[in-house]
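Overview (structure and organization)
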Amino acid sequence: MTAHSNWEAVCTVDDLVPESGIAVWTEAGPVAVFYLPHHLPALFAISHTDPFSGANVLARGITGDLKGEPVVASPLYKQHFSLRTGICMEDESVRVKSYPVLLDGDRVRLKVPVSQRRFSAA
Amino acid sequence: MANKTLIVIGNGMVGHHFLEQFAETPAAADYDIHVFGEEPLIAYDRVHLSEYFGGSTHADLALGTAKDYAAKGLTLHLDEPVTELDRDNRKVLTPKGEYTYDAVVLATGSYPFVPPIDGHDRDHCLVYRTLADLDAIRASAEGRKTGVVVGGGLLGLEAANALKSLGLEAHVVEFAPRLMPVQLDADGGALLKRKIEELGVQVHTEKATTAIVPGEEARLRMNFSDDTHLETDLIVFSAGIRPQDTLARSSGLEIGERGGIVIDDQCTTSDPQVFAIGECALWDNRIFGLVAPGYTMARTLAARLNQDAEAGFRGADMSTKLKLLGVDVGSIGDAHGATPGARNIRFNDEQAGTYGRLVISEDGKKLLGAILVGDNGPYDTLLQYALNGIDLPKNPESLILPVSEGGAPALGPDALPETASICSCHNVSKGDICGAIDAGCTDLGAVKGETKASTGCGGCAALLKSVVDNELEKRGVEVSKDICEHFPYSRQELFHLVKVNGIRTFHSLIKQHGKGHGCDICKPAVASILATCWNEHIMATDHVPLQDTNDTFMANMQKNGTYSIVPRIPGGEITPDKLIVLGEVAKEYNLYTKITGGQRVDLFGATLSELPEIWEKLIAAGFETGHAYGKSVRTVKSCVGSTWCRYGVQDSVGMAIRLEERYKGLRSPHKLKFAVSGCTRECAEAQSKDIGVIATENGWNLYVCGNGGMRPRHADLFATDLSDDELIRTVDRVLMFYVRTADRLQRTSVWLENLEGGLDYLKEVVLDDSLGLGEELEAHMQAIIGTYQCEWKTTVEDPEKRKRFREFVNAPEKKDPVQHWTTERDQRRPLAKADIA
Ligand SMILES: Cc1cc2nc3c(=O)[nH]c(=O)nc-3n(C[C@H](O)[C@H](O)[C@H](O)COP(=O)(O)OP(=O)(O)OC[C@H]3O[C@@H](n4cnc5c(N)ncnc54)[C@H](O)[C@@H]3O)c2cc1C
């Protein structure tokens, strides 16, 4: 086992789109990875599933910041989710999972807790 | 179990509405319900009767079907008039039999009054009330030249328009000294007369017809009391309506002095088992010749049969707003100033052809009534003042003065009563919004979060913003016109900054003129501005992250995260081969297929990764993107025009294709819809479009800034009889001016309403080139057209761009796991979230 044994390699930097998100498939299901080059840190990962619609779409939302908090707006009903915490800015009782993410060389690695592992229905 | 019988006599608009309101209520279970209609056809929309001449059929106008009636357990007897109401034995008689009842509803409507002039019953003397009447008029007009309408009221003018649409030279003969004597005063009537005459209908006022005799040049001759005469091929009487109270009268029910079945607030007649609703009913000595009061009576009766003690009919507002032969006419409340002490303000602009009159209470505080001719712009505002008893502003004349002189204060959101529904998805009223603000919400976002308003379909976003801004302003909160927290500018100001400083990326714009990193409000707005200014491919790397998903992936995201695809079909014209390709592609990818209102085909249910594959096939077959995802030109709808249609006067399809090819790809603050009709029958519904074109004998009439959808607005006539090239040049200018000056997400209709100086100003800028901008606007449009590319073509050809369409970048074979489907009417559709276990 290497030092990053529970850090899943999900894609490379080339797959990322600056100021935007991409979706990756992990053992915890679909995750959206965002790359905001002007932020520190520049990488964020939250669940790709929009809790309001159940559709896997959050990576396709518009990113930005609201009062300094980095966010993505759901492309379906436009609620904003914090990229750091996954909390919905319009309704704080709603929260999507967020995941630690880091760059390892040119690989993007996600830390997916074992407890969250589930298997997809498809 | 039903043990009683309810008989409804009359299957017209109000009778039908009663059945709709009553049939499924608890009380209805007690009754066997029988409906008798004299007409052979099931109830239809009489208000839109004239559309029958525009090509609508009975099926289009029908309010229900025999199947609906049967499903609700109603027994329908059409073509079976009730000939007697026998109240002593509680039964009704028809030519086919007798039926006993426990309760009867009379909904017999009214009939056209035909003055007892000598010869009034000759052949080709007709009326205008039923579909059968219209069939008779059409038959009589066939191959003929002239038609006369007797009566210059609202219905008479509508009938005159119908005669005109049948190709007849139309005349209106009115006994009174002016047109629409009920709704208008002398000045208003005179202006209406002038305008209608300009449209080619001849108006003869103060003419009393003494006899109708055989004609010399035409079928009939009308002799008038002043010894003049008029020859005509047919006559339509529209001299008022009379309540159809024959049955009630002969059965001894109480009847008003001048007709009408007397009812109380509960719609009960003098016999407690007999009710009357609609135009046959007389309430407080008044007949209501409009459909809305009839509907209110119908609802009242349905409620009262369900023992609702609150239900009651309490009169109705008879204000009317119409477009007669294309001329705006509005009449509100006490239009003639009959209230004691009432004062008048009149503004008669003979030059512009508009007339406005306000009737104001003695103390000058309230609006009692109003008349408008030539421009109904102020109507909605005035009606709100009158209906809700809102205090008038200090200078009420500004309400009817042209904007440039007084600055007509649009009442806007203030006028809406607290109960007005703002967001119908979440049922949020204006009162709810005010409540949220009073409870501490200080901006739009907070109000949305609190009330959920505008988080459903989002269609009310603009209205919600105006209400919220207005309420905040009233509470002294400074409302900024800033587009969002990142830019202290409006969209228009940003447009200028981009254009003037030659800014080409969002990044440099926000660095130089904004703060933070942007958001889902300012990013798409700037993307659209950049696209308009520089027309670069929207998938250029810098622009990708700025766009809504629909723009980024050039397809429309649906509720389950899949997309729909709409290829361009210019003018709605498509070859069989291309149609087959659409079918084949849809079949291959199992796409739900539906025809759109804009005459194209929408293919639903494609996953992100399927989009480029599908487009590859479509492009190979010659399709281009339809921009259904963009704030840009959607479709140019057209009718088939002179190429095929007997009535067409110009090649509307050809013009539609030319317009669509020209403006496709133009990015704008909101979507743009066009239509081209080949004749005044207007089958393409051009007057509900942003840009509407209607063919005339001499060229094209251009209408601008119409809207269908949530807030319908009739387009305004902008220029007449344009040649092909003049039309294009004018549209170039109007569109470019809109693109440059409108706010984000502002449709042309709202833009025009907010444009200082309104339509006249727009005409000055575009037609008279008052700003000297004309050539620049055209050149700008030309530049955009010159750089057009089908963005789907560019995308499928570029492997880098195609990468964006991977669903999961690390698992290309992986399918989206939460798409649940079911089959309905032989096609696939997503399961609702609630149905998924
Ligand atoms: C051309 C035109 C344009 C109009 N435009 C407008 C408008 O813009 N706005 C507006 O508010 N209103 C308008 N109206 C008026 C509107 O159509 C009427 O207010 C509405 O139809 C009244 O409904 P009703 O059910 O009372 O009468 P109707 O719709 O006339 O229905 C009465 C029905 O009862 C039947 N009937 C009568 N006697 C018997 C009997 N003894 N046995 C069986 N059946 C019988 C009749 O045949 C008829 O079908 C317009 C009307 C016309 C003709």
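Going by the annotation in an unreviewed UniProt entry, the name recorded for chain B is Nitrite reductase large subunit, with Marinobacter halodurans given as the source organism. What UniProt records for chain B under Pathway (unreviewed entry) is the sentence "Nitrogen metabolism; nitrate reduction (assimilation)." Chain B has a UniProt comment under Sequence similarities (unreviewed entry) that states "Belongs to the nitrite and sulfite reductase 4Fe-4S domain family."

The name that an unreviewed UniProt entry assigns to chain A is Nitrite reductase small subunit NirD, with the source organism given as Marinobacter halodurans.

Re the overall build of chain B
When helices and strands are counted, chain B shows 26 helices and 38 strands. Taking all contacts inside chain B whose residues are at least 6 apart in sequence as the whole, residues at least 24 apart take part in 62%. Carbon and sulfur atoms make up 48% of the accessible area of chain B, which amounts to about 36,800 Å² in all.

Details of the pairing of strand β33 (residues 672–677) of chain B
The two faces of a sheet get side chains in turn, since along a regular strand they alternate between them. All names here are of chain B. Across the 6 residues of β33, 5 count as buried, placing the element largely inside the fold. Note: strand β32 (residues 633–638) against β33, 4 bridges, orientation parallel. The residue bridging Val633 from the neighbouring strand is Leu672, located in β33. The β-α-β motif built from β32, the intervening helix α20 (residues 652–663) and the parallel element β33 has left-handed crossover chirality. With 4 bridges joining them, β33 and strand β34 (residues 691–696) adopt parallel strand pairing. Its bridge partner being in β34, Ser677 is matched across the sheet by Ile694.

Things to note about the pairing of strand β24 (residues 354–360) of chain B
Residues and elements named next belong to chain B. With respect to burial, β24 is a largely interior element, 6 of its 7 residues being buried. Relative to β24, strand β23 (residues 343–349) is paired through 7 bridges, and the arrangement is antiparallel. Looking across to β24, one finds that Asp349 is bridged to Thr354. Where β23 hands over to β24, the hairpin turn is made up of 4 residues, of which Gly353 adopts a positive phi near 75°.

Describing the packing of α20(B) against helix α21 (residues 724–741) of chain B
All names here are of chain B. Running from amino to carboxyl end, α20 crosses α21 at an angle of 35°, the nearest separation of the two axes being 12 Å. Here the hand of the crossing between α20 and α21 comes out right-handed. Contacts from Met655, Arg658, Leu659, Arg662 and Tyr663 of α20 reach α21 at Asp724, Asp725, Leu727, Ile728, Val731, Asp732 and Leu735. Within the contact of α20 with α21, the residues separate by chemical class into 7 nonpolar, no polar and 5 charged.

Side note on the site of the ligand
All names here are of chain B. Around the ligand lies a shell of 30 residues, among which Val14, Glu39, Arg129, Glu279 and Val291 are the nearest. At 3.2 Å, a backbone N or O of Met13 approaches an oxygen atom of the ligand. The separation between an oxygen atom of the ligand and a polar main-chain atom of Val291 is 2.8 Å. When the ligand is considered free in solution it has 990 Å² of accessible area, and contact with the protein chains removes 91% of it.

Looking at the side chain of Ser238(B)
All names here are of chain B. Turning to its location among the elements, Ser238 is positioned in the loop between β16 (234–237) and β17 (241–243). Look at Ser238 and you get buried, because its relative accessible area is 14%. In this view, Ser238 contacts Val149, Val150, Gly151, Leu155 and Gly156; residues no more than four positions away in its chain are not counted.

Regarding a negative patch on the surface
On the surface, a cluster of negative charge is made up of Asp375(B), Asp760(B), Glu764(B) and Asp768(B). Tracing the chain through its elements places Asp768(B) in the loop between α23 (758–766) and α24 (774–786).

Thoughts on the packing of aromatic side chains
All names here are of chain B. A full pass over the atoms with the stated rule returns 18 aromatic pairs over all chains. Consider the rings of Phe22 and Tyr31, whose centres lie 6.3 Å apart with planes at 55°: the pair is tilted. You'll find Phe22 and Tyr31 in the same group, each marked buried. Ring plane angle 15° and centroid distance 5.6 Å describe the contact between Trp615 and Trp792, whose orientation is recorded as stacked. Of this pair, Trp615 sits in helix α19 (residues 610–620) while Trp792 sits in helix α25 (residues 791–796), and the two are 177 residues apart along the sequence. You'll find Trp615 and Trp792 in the same group, each marked buried. Through a chain of ring-to-ring contacts, three or more aromatic side chains come together here, namely Phe553, Tyr563, Trp615, Trp792 and Phe805. The cationic tip of Arg828 hangs over the ring face of Trp821; the distance from NZ or CZ to the ring centre is 3.7 Å.

Thresholds applied
- Residues numbered from 1 in each chain as written.
- Chains lettered and ligands numbered in written order.
- Predicted model: local features only at pLDDT ≥ 70, side-chain atom pairs only at ≥ 80, totals over all residues.
- Heavy atoms only, no water.
- UniProt positions renumbered as here; feature names shortened; annotations may be inferred.
- Helix = DSSP H or I, 4+ residues; strand = E, 2+ residues; numbered from the N terminus.
- Contact = heavy atoms within 4.5 Å.
- Areas by Shrake-Rupley, 256 points an atom, 1.4 Å probe, with all protein chains shown as cover.
- Buried < 20%, exposed > 50% of the residue type's maximum accessible area, 1.4 Å probe, protein only.
- Pairing = 2+ DSSP bridges.
- Right-handed = clockwise from strand over helix to strand, strands pointing away.
- Axes fitted to C-alpha atoms, helices over the stretch in contact; angles between N-to-C directions.
- Left-handed = near helix turned anticlockwise from the far one by under 90°.
- Nonpolar A, V, L, I, M, F, W, Y, C, P; charged D, E, K, R; others polar.
- Near = heavy atom within 4 Å.
- Polar contact = N/O pair within 3.5 Å; in protein donor to acceptor, adjacent residues only side chain to side chain.
- Patch = residues over 30% accessible without salt bridge, like charges linked within 9 Å, V, L, I, M, F, W, Y side chains within 5 Å.
- Salt bridge = Lys/Arg side-chain N within 4 Å of Asp/Glu carboxyl O.
- Lys, Arg positive; Asp, Glu negative; His and termini not counted.
- Charge placed at Lys NZ, Arg CZ, Asp CG, Glu CD.
- Phe/Tyr/Trp six-rings, centres within 6.5 Å; stacked < 30°, edge-to-face > 60°.
- Lys NZ or Arg CZ within 6 Å of the ring centre and 35° of its normal.

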